[in-house]
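# Structural characterization, general
Read off the chains here:
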Amino acid sequence: QLEFLEIGDDATTAIQGLVSRQIHGLTVAGIQQLQVLQNIPSVQLYEAPSGSVHVVRGKHDEKPWDNKKFRLAIQAATDTEQLLKIAYRGLGTAGEFHHVSPVHPEYAKLPPIKRDVAKAKALLAEAGYPNGIDMVMNCRTDPDWFSSTAQAAIEQWKEAGIRVKLEVMPNTLYAQNWQKIPFGITDWFHRPLGIQPLALAYRSNVPWNETKYNNPEFDKVLNEAEATFDVEKRRVLVGQLEKMMQDDAVMIAPFFRSVFTFMDKKVKGFRMHPSGYIFGNQLGIEA
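Turning our eyes to something else, we now look at the pairing of strand 2 (residues 53–58). Counting buried residues in strand 2 gives six out of six residues, a clear majority hidden from the surface. Examined bridge by bridge, strand 2 and strand 6 (residues 183–188) share six bridges and lie antiparallel to one another. Within the sheet, the bridge partner assigned to Val-56 lies in strand 6 and is Ile-185.

Tallied over the full model, the rule gives 16 salt bridges. Its salt-bridge partner being Glu-96, residue Lys-109 comes within 3.0 Å of it at the nearest N-O pair. One end of the pair, Lys-109, is in the loop between strand 3 (92–94) and helix 5 (117–126); the other, Glu-96, is in the loop between strand 3 and helix 5, with 13 residues separating them in the sequence. For Glu-96, a relative accessible area of 16% puts it in the buried group. Residue Arg-203 pairs with Glu-226 through a salt bridge whose shortest N-O separation is 2.5 Å. With Arg-203 in the loop between helix 8 (195–201) and helix 9 (216–226) and Glu-226 in helix 9, this residue pair connects regions lying 23 residues apart in the sequence. Overall, the relative accessible area of 37% leaves Glu-226 in the partly exposed class.

The next subject is empty space enclosed by the protein. Unoccupied space between atoms shows up once a probe the size of one water molecule is rolled over them. In the structure shown here, the tally under the stated rule is two cavities of 30 Å³ or more. Empty space within the largest cavity amounts to approximately 60 Å³. Among the elements of the structure, strand 2 and helix 3 (68–76) are those that each provide at least two residues to the lining of the largest cavity. Considered class by class, the residues forming the lining of the largest cavity number eight nonpolar, two polar and two charged. Its volume calculated, the second largest cavity comes out at about 40 Å³. Forming the walls of the second largest cavity are Gly-269, Phe-270, Arg-271, Tyr-277, Ile-278, Phe-279, Gln-282 and Leu-283. Among the residues making up the lining of the second largest cavity, the classes are represented as five nonpolar, two polar and one charged.

Cut-off values and rules
- Residues numbered from 1 in each chain as written.
- Predicted model: local features only at pLDDT ≥ 70, side-chain atom pairs only at ≥ 80, totals over all residues.
- Heavy atoms only, no water.
- Buried < 20%, exposed > 50% of the residue type's maximum accessible area, 1.4 Å probe, protein only.
- Helix = DSSP H or I, 4+ residues; strand = E, 2+ residues; numbered from the N terminus.
- Pairing = 2+ DSSP bridges.
- Salt bridge = Lys/Arg side-chain N within 4 Å of Asp/Glu carboxyl O.
- 1 Å grid on protein atoms, 1.4 Å probe; cavity = no way out; pocket = protein on both sides within 12 Å on 5 of 7 lines; lining within 4 Å.
- Points joined across faces, edges and corners; volume = space filled by probe spheres on them.
- Nonpolar A, V, L, I, M, F, W, Y, C, P; charged D, E, K, R; others polar.

In structure tokens, the structure reads:
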């Protein structure tokens, strides 16, 4: 039989259960426990790239985010490759300032945007902040790599004169207010198609549009992409959407994280799914 046990939030309990073989695996593992779990000889790592990403964003209908040059400045001050290494130990793919992951079938590869502090400072001055700007950013408590990402990004932005104070909130409080928060980090889970998060989060006036992004041309191309079944033709349209998001500096996707877990080596037939699904009918265990 397949049995799921609630063992609480203490990661030590899960690790002890795996070591003692009282449990045979975890539904999902945390990045902070990665090294410890890798050192348990009786378990195996399973990993899958995903479209899950925590979006760093402001609200485009509020200052300073209503100024495109400011948004371009904070984009230019960000190195997503470093954020991936620092906050998630490289287990994923660096973000490209749009919300389509390389795992999505219609993902289009664009030329990379490299960090340029001098450009960021110049754009910040053009936006009306020649002496820099002081801001407050909200982040939820758990998982802890949210705050790790935020702190790493804050250190990058500081060099450009964007000075940010991080205020960490309980998960429930952030969840209740996520659309009202002027500057924050919101978790977006994996969807099978790249057009799905674009439609949910960036089409004008949809309920989950937390950035308040409003671009009629984006909506028009998105409508066409949603109606295009052929994946290669849809990739061309999605590439246009990705470029629009970069040019408008809509948000920062630090990285698309790989989802992973550990299973006892006696467990057979397990595979990691980007959404964390467990296919119990495919599992077996050695006696």
